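Residues per chain, in single letters:
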Amino acid sequence: MNKTLHTIQVITKIGLVIARVVWIVATVSIGLSVAAMIAVACGWTDLVAQLGAIKIYGLVKTDGAVTTNQAYLLLVAVVLLLTGVAVMAWFTARYFARQVRVATPFTMTNAQGLQKLGLIWLIGSVLTSAVVSGVVWGMSVAWHTTINFNDSVDGGVILGVMFLVLSLFCRYGAEKVGNTAIIPPDDQAQPNQ
């Protein structure tokens, strides 16, 4: 394996680790946010228990500046946003794992995978933002409250465009080295082939 291909593989493995970490953190954060939503819904926002000098408070502390409805609304927005991130990170990890197995990015299958990943990030970022904004707006109107929540899609759109551009380079590389065959993903491969 030449030096450049080795460097590409190292970067791909780093990307795989980062995508898996993002997926795990997003998934755990969704669970914690749902637990906090349950705590807010049940009214467990103040002191829950006291053991001697140790005071145990609820998962969410509301005070005069933040109402219970606002805290709940913010948590709903966070869960929706993290769900979008978790889904996109899962697809990213799946692509990088496949690319590590193939050992070269210069195949038509990898180029198509990058193209799909770019579209997933572009569409997923915009769609997640639209869903979050719509739900937050609807709940704000229904509860007569507002929150300041910024769910910018810039990062996801930039990442999507980057993956789309990289797919063109991979496609060009596949054509140059003659790896133009489309290899079905491992989970779609036919038995006995």
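Conventions and cut-offs
Residues numbered from 1 in each chain as written. Predicted model: local features only at pLDDT ≥ 70, side-chain atom pairs only at ≥ 80, totals over all residues. Heavy atoms only, no water. Helix = DSSP H or I, 4+ residues; strand = E, 2+ residues; numbered from the N terminus. Buried < 20%, exposed > 50% of the residue type's maximum accessible area, 1.4 Å probe, protein only. Contact = heavy atoms within 4.5 Å. Patch = residues over 30% accessible without salt bridge, like charges linked within 9 Å, V, L, I, M, F, W, Y side chains within 5 Å. Areas by Shrake-Rupley, 256 points an atom, 1.4 Å probe, with all protein chains shown as cover. Salt bridge = Lys/Arg side-chain N within 4 Å of Asp/Glu carboxyl O. Expected span 1.5 Å × (residues − 1). Polar contact = N/O pair within 3.5 Å; in protein donor to acceptor, adjacent residues only side chain to side chain. pLDDT = per-residue confidence, 0-100. Core = buried A, V, L, I, M, F, W, Y, C linked by side-chain atoms within 4.5 Å. Phe/Tyr/Trp six-rings, centres within 6.5 Å; stacked < 30°, edge-to-face > 60°.

For the rest of this paragraph, the subject is the overall build of the chain. Across its full length, the chain holds four helices and two strands. Going from N to C terminus, the chain has its helices and strands arranged as α-β-β-α-α-α. For the chain, the proportion of its 193 residues judged to be buried stands at 34%. Across the chain, every contact between residues at least 6 apart in sequence was considered, and the portion connecting residues at least 24 apart equals 77%.

Positive phi, normally seen in glycine, also occurs at A103, with a value near 75°. Relative to the elements of secondary structure, A103 occurs in the loop between α2 (68-102) and α3 (108-143). The class for A103 is partly exposed, based on a relative accessible area of 31%.

All right, on to a nonpolar patch on the surface then. A surface patch of nonpolar side chains, about 510 Å² in accessible area, is lined by W23, I24, V28, L32 and W90. By the element assignment, W23 lies in helix α1 (residues 3-42). For W23, a relative accessible area of 35% gives the class partly exposed.

Every α-helix winds through 3.6 residues per turn, so residues three or four apart in the chain are directed the same way. Compared with an ideal rise of 1.5 Å per residue, which puts 40 residues at 58 Å, α1 spans 58 Å between its outermost C-alpha atoms and is within 8% of the ideal. Two to three positions downstream of the cap, the backbone nitrogen of T4 sits 3.3 Å from a side-chain oxygen, assigning the N-cap of α1 to N2. Immediately beyond the C-terminal end of α1, within one or two residues, lies G43, with a positive phi of roughly 80°.

Further remarks concern the confidence of the model for the chain. Across the chain, pLDDT averages 82, with 78% of residues at or above 70. Here residues 188-193 scores under 50 on pLDDT; set against residues more than four positions off or in separate chains, the count is one contact.

A few words now on the nonpolar core. I30, M37, L75 and V136 are the most contacted members of the largest nonpolar core, which totals 16 residues. Elements that contribute at least two residues to this core include exactly α1, α2 and α3. Counting residues per element, this core draws most heavily on α2, which supplies eight residues. Setting aside its immediate chain neighbours within four residues, M37 contacts Y72, L75, V76 and V79.

Let's shift gears to the packing of aromatic side chains. If you walk through the whole model with that rule in mind, you get two aromatic pairs. Consider the rings of W90 and F91, whose centres lie 5.0 Å apart with planes at 75°: the pair is edge-to-face.

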